[in-house]
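# Observations on chain architecture
What follows is the residue order along each chain.
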Amino acid sequence: MAQALIGAHPTPVDDAFWGARASGVAQLERELARLRRAEDAHAREQGLVVARASVLNLVVYATREIHARRAARTVSELARRHPSRAIVVVADRERRPRIDAEITMHSHRPQDDQSRQVSYEQILIRARGDSDERLASAVIPLLLPDLPVFLWWTDTPPSDRRQFDDLLALANRLIVDSEDFARPEETLSRLSSICGRGAGHFGVTDFNWTRLTPWRELVAAFFDVRAWRPFLEGVTGVRVGFAVDADGRAIHPSQALLLIGWLASRLGWRASERLAPSEAGGLLFAMERTDGSEVQTRVRPRYERGLEEGHVSGLRIQCMHDGTTAEFIVKRTADMRHVATTTIIGGRTVAERTVPLATPSVTDLLGEELTIVASDRIYEESLRSLVALV
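Here's a quick rundown of the structure. Note that the structure is predicted; figures quoted are calculated from it, not measured.

To continue, consider the overall build of the chain. Within the chain, the secondary structure is distributed over eleven helices and 17 strands. A buried classification covers 51% of the 390 residues belonging to the chain. Of the contacts made within the chain by residues no fewer than 6 positions apart, 68% connect residues no fewer than 24 positions apart. Of the roughly 17,700 Å² that the chain leaves accessible, carbon and sulfur atoms contribute 48%.

Following this line, the structure appears as structure tokens:
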């Protein structure tokens, strides 16, 4: 593993993690060239071949060191599948306004082929104080030309921050994670607005949306059954549960709301009532079907041992067709690694099954998103349907 870090830093830096110090972009490139030569020489001594085939630029924005380190480790784990030049920006607005460019380079050895190494470059930029106007200018010369740029914003996207707009102007795709968004009625609306701005310029994706993929697939599977499909036109109620901590203080319903937005966008439902607080941090509201009938919708927080805050714990869709009631239920089992699906028609259980539920890590989620540059139309439509409720 070879490392180089560029930039004078007045406070201690973990050189073992980020690399040794240097200063200036020109010195950065010289140091990287030196490290490549040293790495090649070492590899030849070991009878190895070093592969350098960067396929993208990844810019990571964080305001906390812990998030920056977590992102750096994630990128390292993905190096073999997605070799890149990764630029990690740590913005500390409490310190004096200056930017130090701090660069690291790492080499990852695939476990399944000891004859090759994959080399990638990781750059750290520390932005102190009110450096909004200088941030993008520090990043631009470090981007590899003619490669797509992914911007991973680890915080809640701001509504009016110069550095966000400037970095977004460089990106082909914006990556966020609404799992940690507080007040999703505001932040998801902001995200929908960003999607609108990105039309034709950049795509937007959300790790939380990708976590919902198995839930959306399970719901769709109910109505692959021809006899049950007519119930889709007669949905009367939707209930979605999501996990909270034992004290009920960590309320993050973004995932549950995205699931409801998806249903509304696919079935053409319109908002008839705004989101309103319900008991213990829940939400209660109504939507209108295409025939004008009402769909009562409830989002309920529940404490579930072993389930992360904000993750969906269960879903119940209530329907009526030709005088017959139906319920389609997806609920996590006690081990939280499986879900049980149940279909009840006319008060009688007609189908049950238990299936494993994928729980992708952030590394898995990022790896999937780095394969896509285009916009996700269904995600954007789901956001728009949800925003109409707030």
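On we go from here.
Attention now moves to the environment of Phe207. Mapped onto the fold, Phe207 is located in helix H7 (residues 207–211). Residues Phe207 and Ser178, 29 residues apart in the sequence, show an inter-C-alpha distance of 7.1 Å.

One finds Ile87, Ile125, Leu174, Leu191, Trp215 and Phe328 to be the most contacted residues of the largest nonpolar core, which totals 73 residues. Ranked by residue count, the leading element in this core is helix H9 (residues 254–267), at eight residues. Apart from the residues lying within four places of it in its own chain, the contact partners of Leu191 are Pro157, Val176, Phe181, Val204, Asp206, Tyr379 and Leu383. Ranked by size, the runner-up nonpolar core spans 21 residues in total, among them Ala62, Val75, Val88 and Trp152.

All told, the structure shown has nine aromatic pairs when counted by the stated rule. Each ring, one from Trp209 and one from Tyr379, has its centre 5.4 Å from the other, and the planes form 50°; the classification is tilted. Placement of the pair is Trp209 in helix H7 and Tyr379 in helix H11 (residues 377–387), with a sequence separation of 170 residues. This pair shows no difference in class: Trp209 is buried, exactly as Tyr379 is. Relative to Phe328, the ring of Trp228 has its centre 6.0 Å away and its plane inclined at 55°; by these criteria the two rings are tilted. Here the residue Trp228 occupies a position in the loop between helix H8 (213–222) and strand S9 (235–244), and Phe328 occupies one in strand S15 (residues 324–332), the gap between them amounting to 100 residues. Through successive ring pairs, a cluster of aromatic residues spans Phe222, Phe223, Trp228, Phe231 and Phe328. Over the face of the ring belonging to Trp209 we find Arg216, whose NZ or CZ atom lies 3.9 Å from the ring centre.

Here the focus is helix H6 (residues 184–198). In this model, H6 (15 residues) spans 20 Å end to end at C-alpha, consistent with the 21 Å of a helix rising 1.5 Å per residue. Burial in H6 covers these residues: Pro184, Thr187, Leu188, Leu191, Ser192, Ile194, Cys195 and Gly198. The arc that holds every buried residue of H6, seen down its axis, measures 155°, which confines them to one face. Buried-residue contacts for H6 involve helix H5 (162–168), strand S7 (173–176), strand S8 (203–206), H9 and H11.

Let us look at the packing of H6 against H11. Contact pair H6 / H11: the axes reach a minimum separation of 9 Å and the direction vectors enclose 135°. Judged by the inter-axis angle, H6 sits oblique to H11. You can see that H6 and H11 cross each other, and the crossing is left-handed. Residues Leu188, Ser189, Leu191, Ser192 and Cys195 of H6 pack against Tyr379, Glu380, Leu383, Arg384, Leu386 and Val387 of H11.

Let's shift gears to the pattern of salt bridges. Inspection of every chain in the model, using the stated rule, returns twelve salt bridges. The residue Glu369 makes a salt bridge to Arg173 at a minimum N-O spacing of 3.1 Å. In this pair, Glu369 is assigned in helix H10 (residues 362–369) and Arg173 in strand S7, connecting sequence segments 196 residues apart. Neither residue differs from the other here; Glu369 and Arg173 are each classed as buried.

As a further point, take the packing of H8 against H9. It is the contact of H8 with H9, at a shortest axis distance of 11 Å, that shows an interaxial angle of 40°. If you check the angle between H8 and H9, you find them oblique. As for the relative orientation of H8 and H9, their crossing is right-handed in sense. Taking contact as the criterion, the partners of Trp215, Arg216 and Val219 in H8 are, on H9, Leu259, Trp262 and Leu263. The class makeup of the residues in the contact of H8 with H9 is five nonpolar, no polar and one charged.

About the thresholds
- Throughout this document, residue positions are counted from 1 along each chain, in the order its sequence is written.
- Residue-level local features of this predicted model are given only where pLDDT is at least 70; pairs of side-chain atoms are given and counted only at 80 or more, and the full residue set underlies all totals for whole chains, interfaces and linings.
- The side-chain figures draw on all heavy atoms in the structure; neither hydrogens nor water molecules are used.
- By definition, any uninterrupted DSSP run of H or I lasting at least four residues is a helix, any uninterrupted run of E lasting at least two residues is a strand, and each is numbered from the N terminus.
- Only protein chains enter the calculation, and the probe is 1.4 Å; a residue is then buried if its accessible area is under 20% of its type maximum, exposed if over 50%, and partly exposed in between.
- Whether two residues are in contact is decided by their heavy atoms: any pair within 4.5 Å suffices.
- In short, Shrake-Rupley with a 1.4 Å probe defines the accessible areas, and a residue's cover is counted only from the protein chains shown.
- Residue types Ala, Val, Leu, Ile, Met, Phe, Trp, Tyr and Cys, when buried and joined through side-chain atoms within 4.5 Å, form a set referred to as a nonpolar core.
- Geometry of aromatic contacts follows a simple scheme: Phe, Tyr and Trp rings, the Trp one being its six-membered ring, pair when their centres are within 6.5 Å, and the pair is stacked under 30 degrees between planes, edge-to-face over 60, tilted otherwise.
- Only Lys NZ and Arg CZ are tested; either one counts as a charge over a ring when it is within 6 Å of the ring centre and within 35 degrees of the ring normal.
- Working rule for helices: expected span equals 1.5 Å times residues minus one.
- For this quantity, the arc is that covered by the directions from the helix axis to the C-beta atoms.
- Inter-axis angles, ranging from 0 to 180 degrees, are taken between N-to-C directions of lines fitted to C-alpha atoms, where helices are fitted over the stretch in contact.
- Angles are sorted into four bins: roughly parallel if under 35 degrees, roughly antiparallel if over 145, roughly perpendicular if 65 to 115, and oblique for all others.
- Crossings are assigned a handedness: left-handed for a near helix turned anticlockwise from the far helix by less than a right angle, right-handed for a clockwise turn.
- The salt bridge criterion pairs a side-chain nitrogen of Lys or Arg with a carboxyl oxygen of Asp or Glu, the two atoms within 4 Å.
- Throughout, the ten residues Ala, Val, Leu, Ile, Met, Phe, Trp, Tyr, Cys and Pro are labelled nonpolar, Asp, Glu, Lys and Arg are labelled charged, and all others, Gly among them, are labelled polar.

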